[in-house]
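Residue-level structure breakdown
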Amino acid sequence: MTAGALAIEAKELTRTFGTFVAVDRITFDVRAGEVFGFLGANGAGKTTAIRMLTGLLAPSGGRATVAGHDVATQTEAVKRNIGYMSQRFSLYEDLTVAENIRLYGGIYDLSAREIRERTDRMIGRLGLAHAASTYVRSIPLGWRQKLAFSVALLHEPRVVFLDEPTSGVDPITRRQFWELIYETAAAGTTVLVTTHYMDEAEYCDRISIMVAGRIAAIGAPADVKREFGADSIDELFVQLARRDPARAKPATPERTP
Amino acid sequence: MTHAIHVERLVKRYGGVTALDGVSFDVEPRELFGFIGPDGAGKTTLFRILATLVLPDAGTARVLGLDPVRDLWALRPRIGYMAGRFSLYPDLSVEENVRFFAAVFGTTLEREHDQIAPIYSQLEPFRDRRAAALSGGMKQKLALCCALVHRPELLLLDEPTTGVDAVSRREFWDLLGRLKEQGLTIVVSTPYMDEAKRCDRVALVQRGRILAIDTPDDVTRSFEGALLAVHVHDRYGALLALRRYPHAATIYPFGETLHYTDARKTAGADVVSLEVVEFLRANGFADARVQEIPATVEDTFMARMGAAGEVA
């Protein structure tokens, strides 16, 4: 991929389940080396979109390329060129730190030498040398998330998908995690990240906000705030999500105590 | 008036891990009390002890005047507990779940309808939907409904808003505000620091210990020294540059700004602001602006973490 190329390109990407349109003709680009925040309320279609972009779910319509490969027809090439980390599952808790790295190295077909070298480099960089033989279940959550992120980058993917990577992480570690994201992007890897922390949306180069399967806003945080006259991304998010017709009206009869 | 909850030096260990390290606090009747802290702070262990589900290793707890160890059968009908992990029956419908929990406590949905009406009315359009097929926000409302259906005096809600989007979180807190007005005592935990302001009082918790207990306003007022917000286009560049500034104590990205504190605690905010701007401009950040701002709960939390040597 050349500099300035698009890491992700989606055109009218659509996915239906029966009569339900989970993702409704979304069109957007993510540039190489960009940190892109992919936001939306629960049920807005984020997860379905990410599953299509990672080659796990076939689109019902439209098309998308990730790292130059078509997500519908070149799923193997897509998977080799992306990394993925989620808050819910990313590492095997019953394996040690070093074993997890080796396992993922094997899955991605790295040579024994590459695995050895990258393991040493990663463990050194994260300051985890003392914990290489520790079971992942017994290292603190913050470290686990940093390790999971590094493991997702082990095969040097062009695009990495981070699904709520900082959920439940303490506020200082959360910020240290974002510095890892910046470093990764500065080194040329494209980052697509989801989060429920609206302050983190401000850390992205650009964001999109999905509402009811569609992209309701897209752009640099400062630009979208200006466009919609919102003071913060939090305010903008609430403003847009309330437009979703499927969202039950919170209006309720008040009961006197 | 007696406390709704009185806890003294509560300790719980799991093998070599100390989940609760001598925690003490009181919750007053009709209070909305929040435990604010990340995963691993001990919130879930504490809630399980208060809900009679886990035995403490040391210390005392009184919930509604009762001992959660000895008096568990007297206590259980008087509390509503919502577990952190979604723990309803995924294969039962919304209505079936509520009916089930009502039946467990010897009552019916019809008899308790007015108690749960504010929440159940939001769920009614999805009455026949399986719980598993609800969105995250709706699942949490259903769980709250099930915890309320037997008219408890005290609600123990363990991370009801975790993983829930910003809009559903607001709606959930609006509901808690209404329940409090009806006279319920509510204890709730959350990892989202911005939710602290919805509570009457909060305890900031980290690794089994309480860092601070107070009203949200007083927690933020306790922030020591001046807090400066740095506005600059290239935030990451400015962050790295400020790390080399000899007087910097802490620099954190914070939304669209950087939050800066100075190591010279006695220096005036005006003087420090000017010097920081000067330093940034000299380092190529011509657009840098600095202003003093009031600390948020999250700033205070990070300052207390740093002071307690808790940084990983």
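Description of the structure in this document. In this text, all values refer to a predicted model and were calculated from it rather than measured experimentally.

**Remarks on the environment of A:Leu39**
All names here are of chain A. Within the fold, Leu39 resides in strand S3 (residues 35-40). On the basis of neighbour counts, which here come to 29 C-beta atoms within 10 Å, the residue Leu39 falls in the buried class. Residues Leu39 and Arg226, 187 residues apart in the sequence, show an inter-C-alpha distance of 18 Å. Once residues within four sequence positions are removed from consideration, Leu39 is found in contact with Thr194, Ala201, Ile207, Ser208, Ile209 and Phe237.

**Examining the packing of helix H5 (residues 136-148) of chain B against helix H6 (residues 166-181) of chain B**
The relative placement of two packed helices is expressed as an angle between their axes plus a distance between the axes. Residues and elements named next belong to chain B. Remark: H5 packs on H6, axes separated minimally by 9 Å, with the N-to-C direction vectors making an angle of 20°. Taken together, the axis directions place H5 and H6 in an arrangement best described as roughly parallel. In the packing of H5 onto H6, the handedness of the crossing is right-handed. In contact with Gly136, Gly137, Gln140, Lys141 and Leu144 of H5, H6 contributes Ser168, Glu171, Phe172 and Leu175. Residues belonging to the contact of H5 with H6 are distributed by class as follows: three nonpolar, four polar and two charged.

**Here's the deal with the sheet that holds strand S12 (residues 257-262) of chain B**
Residues and elements named next belong to chain B. If you walk across this open sheet you meet the four strands as S11-S12-S10-S13, and the pairing is antiparallel. If you trace the sheet from one side to the other, it starts and ends with strand S11 (248-254) and strand S13 (289-292), each paired once. The average undirected angle you get between the axes of adjacent strands in this sheet is 25°. Relative to S12, strand S10 (residues 228-231) runs antiparallel, the two being bridged by three bridges. Bridge assignment links Leu228 to a residue of S12, and that residue is Tyr260. Docked against the sheet, helix H9 (residues 269-282) engages S10, S12 and S13, running at close to 165° with respect to S13.

**Notes on the interface of chain A and chain B**
The interface of chain A with chain B comprises 34 residues on the first partner and 40 residues on the second. Of all the secondary structure elements, the ones that give two or more residues to the side of chain A that touches chain B are helix H5 (141-152), helix H6 (171-186), helix H7 (198-201) and helix H9 (233-241) of chain A. No other element matches H6(A), which puts six residues into the side of chain A that touches chain B.

**Here we look at the packing of H9(A) against H6(B)**
For the pair H9(A) and H6(B), interaxial distance at closest approach is 8 Å and the crossing angle is 85°. Classified by the angle between their axes, H9(A) and H6(B) sit roughly perpendicular to one another. For the pair H9(A) and H6(B), the contacting residues are A:Asp234, A:Phe237, A:Val238 and A:Ala241 in the first and B:Ala166, B:Val167 and B:Arg170 in the second. Of the residues belonging to the contact of H9(A) with H6(B), the class tally is five nonpolar, no polar and two charged.

**Re unusual backbone geometry**
The phi dihedral of A:Asp109 falls on the positive side, at around 70°, and the residue is not glycine. Although it is not a glycine, B:Leu64 sits at a positive phi angle of roughly 50°. Of note, B:Leu64 is situated in the loop between strand S4 (58-63) and helix H2 (72-75). In this structure B:Leu64 comes out as partly exposed when scored by C-beta crowding, with 19 C-beta atoms within 10 Å.

Quick notes on the rules
Residue indices begin from 1 for each chain and proceed along its sequence in written order. Labels are handed out in written order, letters beginning with A for the chains and numbers beginning with 1 for the ligands. A pLDDT threshold of at least 70 governs which residues receive local features in this predicted model, and a stricter bar of 80 or more applies before side-chain atom pairs are shown or counted, although totals over entire chains, interfaces and linings include all residues. To qualify as a helix, a DSSP run of H or I must reach at least 4 residues; to qualify as a strand, a run of E must reach at least 2; elements of each kind are numbered from the N terminus. Comment: burial labels come from other C-beta atoms within 10 Å of the residue's own C-beta, placed from the backbone, where a count of 20 or more is buried, 12 or fewer is exposed, and between is partly exposed. In this description, any two residues whose backbone-derived C-beta atoms lie within 7 Å of each other are considered to be in contact. Axes here refer to lines fitted to C-alpha atoms; in helices the fit is confined to the stretch in contact. Angles between the N-to-C directions go from 0 to 180 degrees. To sort the angles, those under 35 degrees are grouped as roughly parallel, those over 145 as roughly antiparallel, those from 65 to 115 as roughly perpendicular, and the leftovers as oblique. Two helices that cross are described as forming a left-handed crossing if the nearer one is turned anticlockwise from the farther one by less than a right angle, and a right-handed crossing if clockwise. Residues were grouped as follows: Ala, Val, Leu, Ile, Met, Phe, Trp, Tyr, Cys and Pro as nonpolar; Asp, Glu, Lys and Arg as charged; and all remaining residues, including Gly, as polar. Here, strands pair whenever DSSP counts at least two bridges between them.

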